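Survey of secondary and tertiary structure
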Amino acid sequence: MRTAVPAVPQYIIWRDERKISNRNTPPTTQTQTQIAHKKYNTRNMKFITTNFVKCAVKTCDSSVDAFPLQYSDCQIVQEELEYNPEFIVHMLERLEWNAVVKVARDLGNESLPPVKPEGLDPIMEDDQVILRDLHTLLVETQIVEGKMVCRNCEHIYFIKNSIPNFLLPPHLC
């Protein structure tokens, strides 16, 4: 006689910057999972992420108001993470600075300059202050709860447990 065997949940374990997937057994201790979350900080939506998301509604694709989203009622935390000035310099080249300033203002930070800092050298001592401040804002500042609102269609995307929900109801797909 055969008996049904319950399915074993699939776990993804992060180790040495490689993803080892499809493990049929859970981590042997809770500490392994905690280490993975702490080392790679997979739990929180970083501020830098706000520069890469826009409204998912198809009618907003051609609108300039669909990016950046407006952030409101946000719970923010700062967690100290490893400082990497080279990463910040390379990311600055890819960031839409006006969007960074808008989102920072939505979240209550009025101290950003209106012009993107350029020509920063991670080795120069004078640039270290600016790079550390940008590191704190972009990488260490994390959004745990809140709302993202499209400035064009006013659709609200909720952030819960640092996970933004971009699923749309059928009438908006």
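Preceding this section is the structure that the text describes.
Since we're looking at a predicted model, the values are computed, not measured.

1. Some remarks on the overall build of the protein chain
A tally of regular secondary structure across the protein chain gives four helices and seven strands. Scored against the burial criterion, the 173 residues of the protein chain give a buried share of 35%. In the protein chain, 63% of the contacts between residues at least 6 apart in sequence involve partners at least 24 apart. Working note: accessible area of the protein chain is about 11600 Å², and carbon and sulfur atoms make up 52% of it.

2. Remarks on the pattern of salt bridges
On inspection of all chains with the given rule, the structure shows four salt bridges. The shortest N-O distance in the salt bridge between Lys54 and Asp61 comes to 3.7 Å. With its nearest N and O atoms 3.2 Å apart, the salt bridge here joins Asp73 to Lys147. Here Asp73, found in strand E4 (residues 70-78), pairs with Lys147, found in strand E5 (residues 141-149); they are 74 residues apart in sequence, far enough to count as distant.

3. Comments concerning the nonpolar core
Formed by 36 residues in total, the largest nonpolar core has its most connected members in Phe47, Cys55, Leu69, Tyr71 and Leu138. For this core, the secondary-structure elements that each account for two or more residues are helix H2 (85-94), helix H3 (97-106), helix H4 (125-140), E5 and strand E6 (156-160). For Leu138, the contacting residues outside a window of four places in its chain are Lys46, Phe47, Ile48 and Leu95.

4. Some details on the packing of H2 against H4
Two elements in contact, H2 and H4, have axes whose closest approach is 10 Å; the angle formed by their N-to-C orientations is 75°. One finds that H2 runs roughly perpendicular with respect to H4. Along the contact surface, H2 presents Pro85, Phe87, Ile88, Val89 and Leu92, while H4 presents Gln128, Leu131, Leu134, His135 and Val139. Here the residues of the contact of H2 with H4 sort into eight nonpolar, two polar and no charged.

5. Points about the packing of aromatic side chains
The final tally for this structure, using the stated rule, is one aromatic pair. A ring pair is formed by Tyr157 and Phe166, whose centres lie 5.0 Å apart and whose planes are at 40°; its orientation type is tilted. Judged by its relative accessible area of 26%, Phe166 falls in the partly exposed class. In this arrangement the basic side chain of Arg132 is found over the ring face of Tyr83, its NZ or CZ atom lying 3.9 Å from the centre. A cation over an aromatic ring shows up here: Lys160 above the ring of Phe158, its NZ or CZ 5.9 Å from the ring centre.

6. A few points about the environment of Ala56
Position of Ala56 among the secondary structure elements: in the loop between strand E3 (45-46) and E4. A sequence separation of 99 residues divides Ala56 from His155, and the C-alpha atoms of the two residues are 9.3 Å apart. With sequence-adjacent residues up to four places away left out, Ala56 is seen in contact with Tyr157, Phe166 and Leu168.

7. A look at H3
Among all positions of H3, only Trp97, Ala99, Val100, Val101, Val103 and Ala104 are buried. Buried-residue contacts for H3 involve E4, H2 and H4. Looking one or two residues beyond H3, the residue adopting positive phi is Gly108, at roughly 95°.

8. Here we look at H2
All of the buried residues in H2 are Pro85, Ile88, Val89, Met91 and Leu92. In this structure, the buried residues of H2 make contact with H3 and H4.

What counts and how
Residues numbered from 1 in each chain as written. Predicted model: local features only at pLDDT ≥ 70, side-chain atom pairs only at ≥ 80, totals over all residues. Heavy atoms only, no water. Helix = DSSP H or I, 4+ residues; strand = E, 2+ residues; numbered from the N terminus. Buried < 20%, exposed > 50% of the residue type's maximum accessible area, 1.4 Å probe, protein only. Contact = heavy atoms within 4.5 Å. Areas by Shrake-Rupley, 256 points an atom, 1.4 Å probe, with all protein chains shown as cover. Salt bridge = Lys/Arg side-chain N within 4 Å of Asp/Glu carboxyl O. Core = buried A, V, L, I, M, F, W, Y, C linked by side-chain atoms within 4.5 Å. Axes fitted to C-alpha atoms, helices over the stretch in contact; angles between N-to-C directions. Parallel < 35°, antiparallel > 145°, perpendicular 65-115°, else oblique. Nonpolar A, V, L, I, M, F, W, Y, C, P; charged D, E, K, R; others polar. Phe/Tyr/Trp six-rings, centres within 6.5 Å; stacked < 30°, edge-to-face > 60°. Lys NZ or Arg CZ within 6 Å of the ring centre and 35° of its normal.

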